[in-house]
Amino acid sequence: MPLSQMRAGERVRVVRVDCDDANPRLVGMGITQGAVLTVLSHLDSGSVLVECQGQRWGLGAGMAERIGVERWEAAMPRMTLGEATIGSRVRVVGYAPGAGDYKRKLLGMGLTPGTILQVKRHAPLGDPTEIEVRGFALSLRKGEAAALQVVPVGSDGK
């Protein structure tokens, strides 16, 4: 199955690379047969943002189509930031459909796909939610937290 068909939050293992002209570039990125990638973001066009060996790489649709992968493990459970438990570390994987206004605001705050954050606390009625991201404390309103899609991060950061 081509990498271009994978969804955000999925972990995959590379089984083939059909990119002779770009192979040295991919090898330099660590994208070789057997490499495990985490899909951080996926566009309808087939372009993907992946993480490989702690580095993030953007691949165009044509390149992603030539990289054959298999699911490495079950897809990570997606949730909204408002559903994350206090103290949990999560990675941003996308935004809820129809969250255009919130998406621009969240991107402006640095909450881009691949960003890891920690949930510090939820107010009693769920509004606001306090998070720590890149050493800064941010408070997000209930609607903003509901627009941010995240997956759990293990203690090893993956």
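Further up the page is the structure itself.
Since the structure is predicted, the reported quantities are computational estimates derived from the model, not experimental observations. (Residues numbered from 1 in each chain as written. Predicted model: local features only at pLDDT ≥ 70, side-chain atom pairs only at ≥ 80, totals over all residues. Heavy atoms only, no water.)

S.K.: Please give an account of the pattern of salt bridges that cites residues and values.
M.R.: Between side chains of opposite charge, pairing is possible as soon as their charged atoms come close. Scanning the entire structure with this criterion turns up eight salt bridges. Between Glu70 and Arg13 there is a salt bridge, and its shortest N-O distance comes to 2.3 Å. Taken together, the residues Glu70 in strand S5 (residues 67–71) and Arg13 in strand S1 (residues 11–17) connect sequence positions 57 residues apart. Among the ionic pairs, Arg121 bridges to Glu130, the shortest N-O distance being 2.7 Å. (Salt bridge = Lys/Arg side-chain N within 4 Å of Asp/Glu carboxyl O. Helix = DSSP H or I, 4+ residues; strand = E, 2+ residues; numbered from the N terminus.)

S.K.: Break down the pairing of strand S4 (residues 55–59) for me, with residues and values.
M.R.: Taken together, the five bridges between strand S3 (residues 48–52) and S4 define a ladder with antiparallel strand orientation. Within the sheet, the bridge partner assigned to Glu51 lies in S4 and is Arg56. Between S3 and S4, which pair antiparallel in sequence order, lie two residues; one of them, Gln53, sits at a positive phi of approximately 55 degrees. (Pairing = 2+ DSSP bridges.)

S.K.: Got a sec to walk through the environment of Ala84? Specific residues and values, please.
M.R.: Locating Ala84 in the fold gives a position in the loop between strand S6 (79–80) and strand S7 (89–95). Judged by relative accessible area, Ala84 falls into the buried class, the value being 3%. Residues Ala84 and Ala145, spaced 61 residues apart in sequence, show a C-alpha to C-alpha distance of 9.7 Å. Among residues more than four places away in sequence, those in contact with Ala84 are Met79, Val90, Val119 and His122. (Buried < 20%, exposed > 50% of the residue type's maximum accessible area, 1.4 Å probe, protein only. Contact = heavy atoms within 4.5 Å.)

S.K.: Explain the pairing of strand S10 (residues 136–140) to me, and be specific about the residues and the numbers.
M.R.: Looking at chain direction, strand S9 (residues 129–133) and S10 are connected through five bridges and run antiparallel. Looking at S10, one finds that Val133 is bridged to Phe136.

S.K.: Go over unusual backbone geometry with me, naming the residues and quoting the values.
M.R.: Positive phi, normally seen in glycine, also occurs at Arg134, with a value near 55 degrees. Relative to the helices and strands, Arg134 resides in the loop between S9 and S10.

S.K.: Run through the sheet that holds strand S8 (residues 116–122), naming residues and quoting values.
M.R.: Strand order in the open sheet formed by six strands is S6-S11-S7-S8-S9-S10, and the pairing between neighbours is antiparallel. The open sheet has two edge strands, S6 and S10, and neither has a second partner. Here S7 runs beside S8; their pairing, made up of three bridges, is antiparallel. Within S8, the position partnered with Val90 by the bridge is Leu117.

S.K.: Account for the sheet that holds S3, naming residues and giving values.
M.R.: If you walk across this open sheet you meet the five strands as S4-S3-S2-S1-S5, and the pairing is antiparallel. The open sheet terminates on both sides in strands that have one partner only, identified here as S4 and S5. Each strand axis lies, on average, 40 degrees off the axis of its neighbour in the sheet, ignoring direction. Strand direction decides the pairing type here: S1 and strand S2 (residues 36–42), joined by three bridges, are antiparallel. Opposite Arg13, over in S2, you have Val36 as the bridge partner. (Axes fitted to C-alpha atoms, helices over the stretch in contact; angles between N-to-C directions.)

Spatial relationships are all this shows, so hold off on functional conclusions.
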